[in-house]
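Report on the structure
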Amino acid sequence: MDAGIFLADAGNIGLIICAALDTTAAVSYAIRARGGEHGAWWRTPVGLHLMCFMIAFAVVLGESAVYLITSGQVLARFAPVRPDWFAWLRVASFCTLIPVVLAWRLWLILRPPGGRRTTTRKDT
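Bear in mind that the values here come from a model prediction, so they are computed numbers and not experimental data.

1. Digging into the overall build of the protein
Per the secondary structure count, the protein includes three helices and zero strands. In the protein, buried positions account for 25% of the 124 residues. Contacts in the protein between residues far apart in sequence, at least 24 positions, make up 68% of those at least 6 positions apart. On the protein, roughly 9,000 Å² of surface is accessible, and the fraction owed to carbon and sulfur atoms is 68%.

2. Some words on the packing of helix α1 (residues 3-32) against helix α2 (residues 45-70)
The N-to-C vectors of α1 and α2 enclose an angle of 145°; their axes lie 8 Å apart at closest approach. Both α1 and α2 take part in a crossing whose hand is left-handed. On α2, the residues touching N12, L15, I16, C18, A19, D22, T23, A25, A26, Y29 and A30 of α1 are G47, L50, M51, M54, F57, A58, L61, G62, S64, A65, L68 and I69.

3. Observations regarding the packing of aromatic side chains
Aromatic ring pairs are defined here through the distance separating the ring centres and the angle between the ring planes. Counted under the stated rule, the structure contains three aromatic pairs. A ring pair is formed by Y29 and W41, whose centres lie 6.3 Å apart and whose planes are at 40°; its orientation type is tilted. In this pair, Y29 is assigned in helix α1 and W41 in the loop between α1 and α2, connecting sequence segments twelve residues apart. For W41, a relative accessible area of 17% gives the class buried. Summarising the aromatic geometry, the rings of W41 and W42 are spaced 5.4 Å apart at their centres and angled 90° between planes, so their arrangement reads as edge-to-face. Members of the aromatic cluster, each reached through a chain of ring pairs, are Y29, W41 and W42. Above the face of the F53 ring, R105 is positioned so that its terminal group lies 3.8 Å from the ring centre.

4. Some details on the confidence of the model for the protein
Of the residues in the protein, 81% have a pLDDT of 70 or more, and the chain-wide mean is 80. Helix α3 (residues 85-110) is the least confidently modelled element of the protein, averaging 78 in pLDDT, while α2 averages 90, the highest of any element.

5. With respect to the side chain of D22
By the element assignment, D22 lies in helix α1. Buried charge without a partner: D22 forms no salt bridge, and the closest opposite charge is R105, 9.0 Å away. Look past the residues within four positions of D22 in its chain and what remains in contact with it is M54, F57, A58 and L61.

6. Describing α1
In this model, α1 (30 residues) spans 42 Å end to end at C-alpha, consistent with the 44 Å of a helix rising 1.5 Å per residue. Buried residues of α1: D9, N12, A19, D22 and A26, and no others. Of the surrounding elements, those touching the buried residues of α1 are α2.

7. Observations concerning the environment of V91
By the secondary structure assignment, V91 is in helix α3. Between the C-alpha atoms of V91 and S64, which are 27 residues apart in sequence, the distance is 9.8 Å.

Rules of the game
- Residues numbered from 1 in each chain as written.
- Predicted model: local features only at pLDDT ≥ 70, side-chain atom pairs only at ≥ 80, totals over all residues.
- Heavy atoms only, no water.
- Helix = DSSP H or I, 4+ residues; strand = E, 2+ residues; numbered from the N terminus.
- Buried < 20%, exposed > 50% of the residue type's maximum accessible area, 1.4 Å probe, protein only.
- Contact = heavy atoms within 4.5 Å.
- Areas by Shrake-Rupley, 256 points an atom, 1.4 Å probe, with all protein chains shown as cover.
- Axes fitted to C-alpha atoms, helices over the stretch in contact; angles between N-to-C directions.
- Left-handed = near helix turned anticlockwise from the far one by under 90°.
- Phe/Tyr/Trp six-rings, centres within 6.5 Å; stacked < 30°, edge-to-face > 60°.
- Lys NZ or Arg CZ within 6 Å of the ring centre and 35° of its normal.
- pLDDT = per-residue confidence, 0-100.
- Lys, Arg positive; Asp, Glu negative; His and termini not counted.
- Salt bridge = Lys/Arg side-chain N within 4 Å of Asp/Glu carboxyl O.
- Expected span 1.5 Å × (residues − 1).

Here it is in structure tokens:
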């Protein structure tokens with residue numbers, strides 16, 4: 001077996017697994033993070049960002065997984081090589097969704113909501 005084909009097959013299977021995991025995580029977060037100690041996910045900047053981050057990855061990974069499965073290209077050794085419109089859709093969704101949520105995450109890290117709180121310690 002060709003090592004390149006093996007790696008492509010492993011990557012395709014990994015992509016499908018990641019799509020399923022991320023979609024399940026987004027749905028679970030939407031259902032379970034509706035209150036409690038930190039409040040509902042949509043009421044905090046970090047919670048809203050986390051949901052958008054997971055959804056962006058779920059869309060991009062899901063599109064790719066659906067394409068691989070429906071086109072019969074999960075295993076590269078059996079796949080016909082043919083470019084089509086779906087490849088453009090995947091590129092467009094990746095280029096519009098992923099950079100935005102990654103930049104948002106960086107912004108939240110560099111400028112956390114409410115500012116960075118410093119605590120002072122009093123020695124007694």
